[in-house]
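Report on the structure
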Amino acid sequence: MIWEQLLSLKRQGDTSKRLRKEQNETRLGFEVDYDRVIFSSAFRSLQDKTQVMPMPISVGSKKEFVHTRLTHSLEVSVVGRSLGRIAGQQILAKYPYLKEVHGYQFNDFGAIVAAAALAHDIGNPPFGHSGEKAIGNFFKQGPGKQYRSELTDVEYQDLIDFEGNANGFKLLTESKAGVPGGLRLSFATLGAFMKYPKASLPKKPSSHIADKKFGYFQTESDFFHEVVTEIGLLANPSNPGTGFFRHPLTYLVEAADDICYTIIDFEDGINLGLVAEEYALEYLIKLVKDTINTKKYNAMNSSSDRLSYLRALAINTLIQDAVEVFIKNEDKILRGEFESALLDKGKYQAQVDDIIKLSVDKIYQCDEVIDKELAGYRLISDLLEMYTTALINIKNGNDTNYDRLLVKSLPENYRSTEGSTYNILLDTSCFVASLSDSAAVHIHDKLTGKTV
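This section reports on the structure supplied with the text. (Residues numbered from 1 in each chain as written. Predicted model: local features only at pLDDT ≥ 70, side-chain atom pairs only at ≥ 80, totals over all residues. Heavy atoms only, no water.)

A few points about the overall build of the chain
- Along the chain, the regular secondary structure elements total 21 helices and 2 strands.
- Relative to the 2.2 N^0.38 estimate, which gives 22 Å for 452 residues, the radius of gyration of the chain is 23 Å and therefore close to what a compact globule would have.
- Along the three orthogonal principal directions, the C-alpha set of the chain runs to about 70 × 60 × 40 Å.
- Burial statistics for the chain: of 452 residues in total, 55% are counted as buried.
- Excluding contacts between residues fewer than 6 apart, the proportion of contacts in the chain whose partners are at least 24 apart in sequence is 73%.
- On the chain, roughly 19500 Å² of surface is accessible, and the fraction owed to carbon and sulfur atoms is 50%.
- Taken as two groups, the 52 positive and 60 negative side-chain charges of the chain have centres that lie 1 Å from each other. (Helix = DSSP H or I, 4+ residues; strand = E, 2+ residues; numbered from the N terminus. Rg over C-alpha atoms; globule rule 2.2 N^0.38 Å. Buried < 20%, exposed > 50% of the residue type's maximum accessible area, 1.4 Å probe, protein only. Contact = heavy atoms within 4.5 Å. Areas by Shrake-Rupley, 256 points an atom, 1.4 Å probe, with all protein chains shown as cover. Lys, Arg positive; Asp, Glu negative; His and termini not counted. Charge placed at Lys NZ, Arg CZ, Asp CG, Glu CD.)

Dropping the structure here:
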């Protein structure tokens, strides 16, 4: 892979080449990507989607506002921007022609990573990490398995392993009436967004991190291949024709996400009293022991100030470590030979693993999280069953008045029954995935007669 191709400013539908040296410096194409994501309705819905903890949650006599998908995404984009800028400086130093001939600046790398990081959770369903599993379970073990015979193997895999990353790519790129190409982001940003540039089959054909999950549904196959051809991603021999190695900047997007959920989910758990403060601070101090100002730290009276100080140091420590691993392995990354996440090869891997293990035990498996995920499973399954039954009944010509009324409650672009069974099932799954937590609850209550 070569950087000048990976940094393509092309957008869906372009008929002429966009050159970096001809860009308006007051509004660069990569910065436009960020703006388009942040002003999209799909991004706004993240403010009411669970990150880990239900929000808000009562702690003693007050309500503690924990991170949502939206605040998490904003923080990941900030960390990603720093990662991209620092890495960009070193890449330009190594390949000066990128600046001298093509006009690229170190801020371009930061802008690409920030925009891709901002969008990294945009396709995730409601109700936290179980949302994807709830949709998949509906088709694998629930009422949706009745449609298996009408689907190809890869179409069925798209549904039973419903993937927020693939749904995100669909949201960012899908054409609608009057809106060709979706958000029309630059191909460089779309490339950096694609954590798993492969189809749903074959499933995990290798141990390479690019093969861990999948990144596009069959409905986006043609455009996915247009993007990877334009930016020059290398074909992955473990799944020829349908899989590719990552865009290098994807590793930085992933690192930004890993840094934020490791440190900030942990911080939420401390603030909620799920992890004892004294115990938790020891874990963070181990991570920042080389940079902590002990005198400054000991002078802080407030536990929240101490925690904020350690959080900032921890994030900065992991940013520097991730960039170091990235630059050290840049040649291998360009050849598709770097097989793991950056933090997995960093010098703080043991400390990060300790924090994640504690978070899993004390935060991700606490009663509030489990209760929310259980409720989400039921709500998502019920909504999928009602809507898919009505739509398929209409498609097959055996619909009832109830089916027709139910379909009218869907947004207009999800009502079509003229496509294949796969298209109908996928579109309905994507509709349910687009709902915020409270919207899913409201629609479910309305359709089941709990509210009128």
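Following the structure, the description resumes.
Some points on the packing of helix α4 (residues 69-94) against helix α15 (residues 303-328)
- Orientation of α4 relative to α15, taken along the N-to-C sense of each, is 40°, at an axis distance of 10 Å. Compared by their axis directions, α4 and α15 come out oblique. Crossing angle aside, the handedness with which α4 passes α15 is right-handed. When α4 is examined against α15, the residues V79, S82, L83, I86, A87, Q90 and I91 are found in contact with a partner set consisting of I315, I319, Q320, A322, V323, F326 and I327. (Axes fitted to C-alpha atoms, helices over the stretch in contact; angles between N-to-C directions. Parallel < 35°, antiparallel > 145°, perpendicular 65-115°, else oblique. Left-handed = near helix turned anticlockwise from the far one by under 90°.)

So, helix α9 (residues 164-173)
- Burial of α9 is extensive: 9 of the 10 residues sit out of reach of the surface.
- All of the buried residues in α9 are G164, N165, A166, N167, G168, F169, K170, L172 and T173.
- Those residues of α9 that are buried are in contact with α7 (130-140), α10 (187-193), α11 (221-231) and α20 (421-434).

Considering the side chain of D108
- Along the polypeptide, D108 turns up in helix α6 (residues 106-118).
- What D108 contacts, discounting residues up to four positions off in sequence, is R20, L28, F30 and G103.

Remarks on the pattern of salt bridges
- Within this structure, the stated rule accounts for 24 salt bridges.
- Two residues, K94 and D331, come together in a salt bridge whose shortest N-O distance is 3.0 Å. One end of the pair, K94, is in helix α4; the other, D331, is in helix α16 (residues 330-334), with 237 residues separating them in the sequence.
- A relative accessible area of 41% places K94 in the partly exposed class. (Salt bridge = Lys/Arg side-chain N within 4 Å of Asp/Glu carboxyl O.)

Focus on helix α12 (residues 248-271)
- When the terminal C-alpha atoms of α12 are compared, their 35 Å separation across 24 residues agrees well with the 34 Å that a helix rising 1.5 Å per residue should span.
- Here α12 lies mainly inside the structure; 22 of its 24 residues are buried. (Expected span 1.5 Å × (residues − 1).)

Here we look at the packing of aromatic side chains
- Within this structure, the stated rule accounts for 16 aromatic pairs.
- Relative to Y283, the ring of Y279 lies with its centre 5.1 Å away and its plane at 85°, an arrangement referred to as edge-to-face. Placement of the pair is Y279 and Y283 together in helix α13 (residues 277-288), with a separation of 4 residues, close to one helical turn.
- A cation sits over an aromatic face here: R246 above Y251, 5.0 Å from the ring centre. (Phe/Tyr/Trp six-rings, centres within 6.5 Å; stacked < 30°, edge-to-face > 60°. Lys NZ or Arg CZ within 6 Å of the ring centre and 35° of its normal.)

Details of the packing of α4 against α6
- Contact pair α4 / α6: the axes reach a minimum separation of 6 Å and the direction vectors enclose 155°. By the angle between their directions, the pair α4 and α6 is classed as roughly antiparallel. For the element pair α4 and α6, the recorded crossing hand is right-handed. In this structure, α4 contributes S73, L74, V76, S77, G80, R81, G84, R85, G88, Q89, I91 and L92 to the contact, and α6 contributes F106, N107, F109, G110, V113, A114, A117 and L118.
- Residue classes in the contact of α4 with α6 are distributed as 10 nonpolar, 8 polar and 2 charged. (Nonpolar A, V, L, I, M, F, W, Y, C, P; charged D, E, K, R; others polar.)

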